[in-house]
Amino acid sequence: MNPKETVCLAARYADSKKAENIKVIDLEGLSSLCDYILIATATSKPHLEAVEEEISTKLKQEGVYKTNRDGVDSPIWRVSDYGSFLVHIMTPEARDFYALDKIFSFGKEIDYTLKPKKAAAKKPAAKKTAAKKPAAKKAAAKKTSSKKPAVKKTAVKKTATKKTAKKTLKK
């Protein structure tokens, strides 16, 4: 899964926990900090914790782990670093005060609600079969055998004694 798909998945997890005003900002090639920023608003500390836990747990199931985390004890702002993207979960007051939306306004906001289209498995193209034509009869080709040619036996000369014996018997 590429970073864009992963950050959009994280945004959908935040949405499933009723986070508000969710934004995914594409900073790819624009910032040395990360490629994407996810900013979401939670209405209270328990809500903030629930959203953070949902994202963390679900991404772990996908094999994506945090590299760092900040604001564990903060009741207004949590930051999770996933390497290629950052997740900021804030209360409405903190979001207004720190104005991350304005700080990262040079990035392009992307729609996280669109699920990535899976590439359809390519099916092998159907073979086109030409209309069958009546087969023309071919002359049978003479088959050559793979046997070795027979070895001619040399004629054995009959000895003179046998010839004379035969002649005497005929008389």
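So, here is what we can say about the structure in this document.

Rules used throughout
- Residues numbered from 1 in each chain as written.
- Predicted model: local features only at pLDDT ≥ 70, side-chain atom pairs only at ≥ 80, totals over all residues.
- Heavy atoms only, no water.
- Pairing = 2+ DSSP bridges.
- Helix = DSSP H or I, 4+ residues; strand = E, 2+ residues; numbered from the N terminus.
- Axes fitted to C-alpha atoms, helices over the stretch in contact; angles between N-to-C directions.
- Contact = heavy atoms within 4.5 Å.
- Phe/Tyr/Trp six-rings, centres within 6.5 Å; stacked < 30°, edge-to-face > 60°.
- Buried < 20%, exposed > 50% of the residue type's maximum accessible area, 1.4 Å probe, protein only.

Our focus in this paragraph is the sheet that holds strand β5 (residues 85-90). The strand order across the open sheet formed by 6 strands is β3-β4-β5-β2-β1-β6, and the pairing between neighbours is mixed. Strands with a single pairing partner mark the edges of an open sheet, and in this sheet they are β3 (68-70) and β6 (108-110). Looking at each pair of strands side by side, their axes are set apart by 20° on average, direction ignored. Both strand β1 (residues 20-26) and β6 contribute to a ladder of 3 bridges, which runs antiparallel. For I25, the partnering residue across the bridge sits in β6 and is E109. Across the sheet, helix α2 (residues 45-61) lies against β2 (36-41), β3, β4 (77-81) and β5, angled at about 155° from β5, the strand it touches most.

Before going further, it helps to spend a moment on the packing of aromatic side chains. Scanning the model with the defined rule gives 4 aromatic pairs in all. Look at W77 and Y98: their rings are 4.6 Å apart centre to centre, the planes differ by 40°, and that puts the pair in the tilted class. Placement of the pair is W77 in strand β4 and Y98 in helix α3 (residues 92-98), with a sequence separation of 21 residues. Of the residues examined, Y98 reaches a relative accessible area of 34% and is grouped as partly exposed. Measuring from centroid to centroid gives 5.0 Å for F97 and Y98, while their planes differ by 90°, and the two rings are edge-to-face. Using a relative accessible area of 65% as the deciding quantity, one classes F97 as exposed. Here the aromatic residues W77, F97 and Y98 are joined through ring pairs into a cluster of three or more.

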